[in-house]
Amino acid sequence: MKLSKRIFTAVIIAVLAFSLAGCSNNKVTYDYSSDDRTHFESAAVSIMEGIISMDDETLANVIDDSEYNQEEVMTNGYNSWKSGKPDLGEYDTIKSITSSRDPNTGDYKCVIMLEFENRDCEFILAADRKLGEITELTFNPVYTLKEKLSQAGINLIMGMGTVFAVLIFLTW
């Protein structure tokens, strides 16, 4: 009886030891070599310059094509350029390029600060680790604090005006 308890205990310990051995914390980390950085940054600049150089008619056609092909990320990127284009003015130069790679997922991200005639713009391009799919494409105009506060004030007045108009309409 004692021998069978010892054998049973030894078997249980062996099973637990082997099953817990697979629970290690092995994380795969992705490095970001200078060749990868150069390649991704040059691809981001090419994509950015290709979008900026489009005239309005070509941009409308490209937006229609990307909507037809259900490419949501590209459609949003083209639309962000289309909506920000009037505020920016003419393209001047690239101010800075910053790129990184997420060590856990391996995804790439490139942020390019652009200088335009009227204001600066931040271009963001992100891609999956295989560089097969663009996961983010945006143009973000950089507004000054004064511009942001004036827009917030206009929104406040419009919102309060709408609320009071509805209240007056309801009580009348």
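Further up the page is the structure itself.
Just so you know, these numbers come straight off a predicted model, no measurement behind them.

K.L.:
Whenever I open this one, the side chain of Ser66 confuses me. Can you help?
P.N.:
Checked against the element boundaries, Ser66 lands in helix 3 (residues 56–68). Taking relative accessible area as the criterion, Ser66 reaches 2% and is therefore assigned buried. Not counting chain neighbours up to four residues away, the residues in contact with Ser66 comprise Glu71, Met74, Thr75 and Tyr78.

K.L.:
Just checking my understanding: could you explain the pattern of salt bridges for this structure?
P.N.:
Between side chains of opposite charge, a pair can form when the charged atoms approach closely. For the structure on display, the rule yields three salt bridges. In this structure, the salt-bridge partner of Lys85 is Asp56, at a minimum N-O distance of 3.0 Å. In this pair, Lys85 sits in helix 4 (residues 72–88) while Asp56 sits in helix 3, placing the two residues 29 residues apart along the sequence. The exposure class of Lys85 is partly exposed, given its relative accessible area of 23%. Overall, the relative accessible area of 57% leaves Asp56 in the exposed class.

K.L.:
I would appreciate a short explanation of the packing of helix 3 against helix 4 in the present structure.
P.N.:
Packed helices, taken two at a time, are described by the angle between their axes plus the distance between the axes. Running from N to C, helix 3 and helix 4 point in directions that differ by 155°, and their axes come no closer than 9 Å. What the angle tells us is that helix 3 and helix 4 run roughly antiparallel. When you trace helix 3 past helix 4, the crossing you get is left-handed. Residues Asp56, Leu59, Val62, Ile63, Ser66 and Glu67 of helix 3 pack against Met74, Thr75, Tyr78, Asn79, Trp81, Lys82 and Lys85 of helix 4. Along the lines of polarity and charge, the residues of the contact of helix 3 with helix 4 split into six nonpolar, three polar and four charged.

K.L.:
Whenever I open this one, the nonpolar core confuses me. Can you help?
P.N.:
Most often, soluble globular proteins have nonpolar side chains that are buried together. Within the largest apolar cluster, 25 residues are counted, with the highest numbers of intra-cluster contacts made by Tyr78, Trp81, Leu114, Phe123 and Phe139. Mapped by element, the contributors of at least two residues to this core are helix 2 (34–52), helix 3, helix 4, strand 2 (108–116), strand 3 (120–127) and strand 4 (134–141). Broken down by element, this core gets its largest block of residues, six residues, from helix 2. Once residues within four sequence positions are removed from consideration, Phe139 is found in contact with Met48, Ile51, Ile52, Gly77, Ser80, Trp81, Leu114, Cys121, Glu122 and Phe123.

About the cut-offs
- Residues numbered from 1 in each chain as written.
- Predicted model: local features only at pLDDT ≥ 70, side-chain atom pairs only at ≥ 80, totals over all residues.
- Heavy atoms only, no water.
- Helix = DSSP H or I, 4+ residues; strand = E, 2+ residues; numbered from the N terminus.
- Buried < 20%, exposed > 50% of the residue type's maximum accessible area, 1.4 Å probe, protein only.
- Contact = heavy atoms within 4.5 Å.
- Salt bridge = Lys/Arg side-chain N within 4 Å of Asp/Glu carboxyl O.
- Axes fitted to C-alpha atoms, helices over the stretch in contact; angles between N-to-C directions.
- Parallel < 35°, antiparallel > 145°, perpendicular 65-115°, else oblique.
- Left-handed = near helix turned anticlockwise from the far one by under 90°.
- Nonpolar A, V, L, I, M, F, W, Y, C, P; charged D, E, K, R; others polar.
- Core = buried A, V, L, I, M, F, W, Y, C linked by side-chain atoms within 4.5 Å.

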